Amino acid sequence: MGLFKKFRDAWFAPMSFDSLDDDFYDRLEESLILADVGMDVALDATEKLRRRAYDDRLLTADQVKGALRDILAEKLEVGDSRLDLYTQPSVILVIGVNGVGKTTSIGKMAHQLKKQGKKVLLCAGDTFRAAAADQLGIWANRAGRANVDIVRQHEGADPGAVLFDALAAAKSRRSDVVLVDTAGRLHNKANLMKELAKLRKIIDRELPGAAKETLLVLDATTGQNGLIQARQFKETAGLTGIVLTKLDGTAKGGIVIAIAQELQVPVKFVGLGEGIGDLAPFDAKEFVSDLF
């Protein structure tokens, strides 16, 4: 489908896979590093390809590409990329720093869930950022208010109180999924993580048996800085998946592999544009196939 055309054109299209000499492996390693897969992944993938090419006597460019495709795909297979929404209601807590596209991603997810026939409720839990609830309301309208409700309070309200109201509303309205927007920046990192921990406790208390997803939204254009953010959130938030935004604007799509490999957390969605339909469920095999 060509979803990762910039990544492919920048790093793999110019390479010749016909001559497996030391210069080829050096260029492959460099290309992987520049594509943001990370130093360790680049070294490991290159060495595995070198060994596989020797052991299996790979002779053609197609054979070499196929082997590299398999090696990279293995690094992405770290869990189920599908959402776990087996209860009514289920809860998706969406977290991340400001500016990565949390609210936009929530709107796009609401649109997808509505198309699947689910009744969605949005919780405007980011009460610290001016107009965050207004922005979420706009996305609720775009997704279609017939099956997409929103619970919000005034700016500066306690996020825990908003979440409590949203969960109560979801139970009374028999919503299928609650999508919770959260603040991306409080006074410092400790406050942010403390707030997220409080929200998780409220969800566990009010809906103890509910299916719960905690999705971290990352901006692909930030590269390795995004990986640093992901490490910090994983330590405190119990991540179940990653939403990687703005992949349409970068040739460094290798960050997908770096995140999956280091954090052992699956990438569940990738953002590929500004439209309401431009959030795609992540498919590891499709991603790797697109690289070649």
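From a predicted model like this one, the values you see are computed outputs, not experimental measurements.

## Some details on the pattern of salt bridges
Here comes step 1: Applying the stated criterion across every chain, the model contains 19 salt bridges.
Here comes step 2: In this structure, Asp22 and Arg50 form a salt bridge, with 3.2 Å as the shortest nitrogen-oxygen distance. Of the two residues, Asp22 sits in helix α2 (residues 22-34) while Arg50 sits in helix α3 (residues 39-55), which places them 28 residues apart along the sequence.
Here comes step 3: Overall, Asp22 belongs to the exposed group, its relative accessible area being 51%.
Here comes step 4: Looking at Arg50, the relative accessible area reads 29%, which means it is partly exposed.
Here comes step 5: Two residues, Glu262 and Arg231, come together in a salt bridge whose shortest N-O distance is 2.3 Å. Taken together, the positions of Glu262 in helix α10 (residues 255-263) and Arg231 in helix α9 (residues 224-237) put the pair 31 residues apart, joining distant regions of the chain.
Here comes step 6: Given the relative accessible area of 39%, Glu262 is considered partly exposed.

## Examining the layout of surface pockets
Here comes step 1: A volume near 180 Å³ is recorded for the largest pocket.
Here comes step 2: Together, 13 residues line the largest pocket, and Arg82, Leu83, Gln116, Phe269 and Pro281 are the ones closest to its centre.
Here comes step 3: At the level of secondary structure, the elements contributing two or more residues to the lining of the largest pocket comprise α5 (102-115) and β7 (267-271).
Here comes step 4: Among the elements that take part in the lining of the largest pocket, α5 stands out by supplying 3 residues, more than any other.
Here comes step 5: By volume, the second largest pocket is sized at about 150 Å³.
Here comes step 6: Looking at the second largest pocket, it is lined by 13 residues, and the ones nearest its centre are Thr104, Lys108, Lys246, Gly273 and Glu274.

## Quick word on α3
Here comes step 1: In this model, α3 (17 residues) spans 24 Å end to end at C-alpha, consistent with the 24 Å of a helix rising 1.5 Å per residue.
Here comes step 2: Buried within α3 we find Val41, Ala42, Ala45, Thr46, Leu49 and Ala53. One face of α3 carries all of its buried residues, which in axial projection span an arc of 125°. Facing away from the buried side of α3 by more than 90 degrees, the exposed set consists of Asp40, Tyr54 and Asp55.
Here comes step 3: Phi for Arg57, located one or two positions after α3, is positive at around 55°.

## Things to note about the packing of aromatic side chains
To describe a pair of aromatic rings, one takes the distance between the centres and the angle between the planes.
Here comes step 1: In total, this model carries 1 aromatic pair according to the counting rule given.
Here comes step 2: Ring centres 5.1 Å apart and planes at 70° place the aromatic pair Phe24 and Tyr25 in the edge-to-face group.

## Considerations on the packing of α9 against α10
Here comes step 1: Packing of α9 against α10 leaves a shortest axis separation of 10 Å and a crossing angle of 30°. Our classification of the angle between α9 and α10 gives roughly parallel. Two packed elements cross with a definite hand, and for α9 against α10 that hand is right-handed. The residues of α10 that touch α9, namely those facing Gln224, Leu227, Ala230, Arg231 and Lys234, are Ile255, Ala258, Ile259, Glu262 and Leu263.
Here comes step 2: Class assignment for the residues of the contact of α9 with α10 results in 6 nonpolar, 1 polar and 3 charged.

The rules behind each value
Residues numbered from 1 in each chain as written. Predicted model: local features only at pLDDT ≥ 70, side-chain atom pairs only at ≥ 80, totals over all residues. Heavy atoms only, no water. Salt bridge = Lys/Arg side-chain N within 4 Å of Asp/Glu carboxyl O. Helix = DSSP H or I, 4+ residues; strand = E, 2+ residues; numbered from the N terminus. Buried < 20%, exposed > 50% of the residue type's maximum accessible area, 1.4 Å probe, protein only. 1 Å grid on protein atoms, 1.4 Å probe; cavity = no way out; pocket = protein on both sides within 12 Å on 5 of 7 lines; lining within 4 Å. Points joined across faces, edges and corners; volume = space filled by probe spheres on them. Expected span 1.5 Å × (residues − 1). Arc of directions from axis to C-beta. Phe/Tyr/Trp six-rings, centres within 6.5 Å; stacked < 30°, edge-to-face > 60°. Axes fitted to C-alpha atoms, helices over the stretch in contact; angles between N-to-C directions. Parallel < 35°, antiparallel > 145°, perpendicular 65-115°, else oblique. Left-handed = near helix turned anticlockwise from the far one by under 90°. Contact = heavy atoms within 4.5 Å. Nonpolar A, V, L, I, M, F, W, Y, C, P; charged D, E, K, R; others polar.

The values reported here are purely geometric and, on their own, carry no functional implication.
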